[in-house]
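Take a look at the letters that make up each chain.
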Amino acid sequence: CFISSFAVKVIKVNIYIIISAIVSFIAYFVIYYSGSVMMMYLALSILGLGCATIYSSAISYGTLLVEFASPRIVSFFIASSGVGTYVGEAYSNWFQESYGFTAIIASSAITMLLTVVLMIIVAFTDKQARKSI
C-alpha cells in the first residue's frame with residue numbers, strides 16, 4: 001500500500017488497477033508452477049503486493065467515477081467489500097476442501113483476469129478515464 005500511494009501519483013488509478021491485476025494474474029501462475037519453496041514465497045509476495053493495492057485503489061477509483069461522491073458511496077464500497085471478504089473466506093474454504101488447491105489457484109486467476117477485463121471496459125466507457133488511455 002505504501003508503494004501504491006507513490007505509484008498513483010505517477011500513473012492514473014484505472015491503469016494502476018489494471019497493472020496490479022495483471023501482476024496478480026501472473027503471480028497465480030507462478031505459484032501454480034513454482035518448483036521451489038523460495039519461488040513460491042516470491043510469487044506470494046508479489047501476489048500480496050498486487051492484491052492489497054487493488055482494494056484501496058478500487059475504492060478511490062469508484063469514488064472518482066461519480067461526479068459528487070458522498071460519504072454514503074464510500075461507506076457502501078467499504079461495507080460491500082467487507083461482506084465480500086467475509087463470504088469469500090467461507091466460500092474459498094469450502095471450495096478448497098471440495099476441489100483442491102489447484103481449483104483455488106485457477107479460479108483466483110480467472111477472477112483476476114475478469115478484473116482486468118472489467119477495468120478495461122470501465123476505462124473505455126468512462127469519459128474521464130478515456131482521456132488517460
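Everything numeric in this text was worked out from a predicted model, so none of it was measured.

With respect to the overall build of the protein
Within the protein, the secondary structure is distributed over six helices and zero strands. Beginning at the N terminus, the succession of helices and strands in the protein can be written as α-α-α-α-α-α. Summarising its shape, the C-alpha atoms of the protein cover approximately 45 × 30 × 25 Å along the three principal directions. Across the 133 residues that make up the protein, the buried fraction comes to 28%. At a minimum sequence separation of 6, the contacts of the protein that also span at least 24 residues come to 63%.

Describing the packing of aromatic side chains
Applying the stated criterion across every chain yields a total of eight aromatic pairs. Aromatic side chains Trp94 and Phe95 sit 6.3 Å apart centroid to centroid with 50° between the ring planes, which places their arrangement in the tilted category. Of the residues examined, Phe95 reaches a relative accessible area of 15% and is grouped as buried. Ring centres of Phe95 and Tyr99 lie 5.0 Å apart, and the angle between their planes is 50°; this geometry places the pair in the tilted category. Of this pair, Phe95 and Tyr99 are both found in helix H4 (residues 71-99), four residues apart, which corresponds to roughly one turn of the helix. The class of Tyr99 is exposed, set by a relative accessible area of 52%. In textbook terms, an aromatic cluster arises when at least three aromatic residues are bridged by ring pairs, as seen for Tyr91, Trp94, Phe95 and Tyr99.

A word on the confidence of the model for the protein
On average, the protein scores 83 in pLDDT, and the residues at 70 or more come to 94%. Confidence scores differ between elements of the protein, with helix H6 (residues 127-130) showing the lowest mean pLDDT of 56 and helix H2 (residues 13-33) the highest of 89.

Observations regarding a nonpolar patch on the surface
On the surface, Val83, Tyr86, Val87, Tyr91, Trp94 and Tyr99 cluster together into a nonpolar patch covering about 740 Å² of accessible area. Note that Tyr91 resides in helix H4. The class for Tyr91 is partly exposed, based on a relative accessible area of 47%.

The rules we used
- Residues numbered from 1 in each chain as written.
- Predicted model: local features only at pLDDT ≥ 70, side-chain atom pairs only at ≥ 80, totals over all residues.
- Heavy atoms only, no water.
- Helix = DSSP H or I, 4+ residues; strand = E, 2+ residues; numbered from the N terminus.
- Buried < 20%, exposed > 50% of the residue type's maximum accessible area, 1.4 Å probe, protein only.
- Contact = heavy atoms within 4.5 Å.
- Phe/Tyr/Trp six-rings, centres within 6.5 Å; stacked < 30°, edge-to-face > 60°.
- pLDDT = per-residue confidence, 0-100.
- Patch = residues over 30% accessible without salt bridge, like charges linked within 9 Å, V, L, I, M, F, W, Y side chains within 5 Å.
- Areas by Shrake-Rupley, 256 points an atom, 1.4 Å probe, with all protein chains shown as cover.
- Salt bridge = Lys/Arg side-chain N within 4 Å of Asp/Glu carboxyl O.

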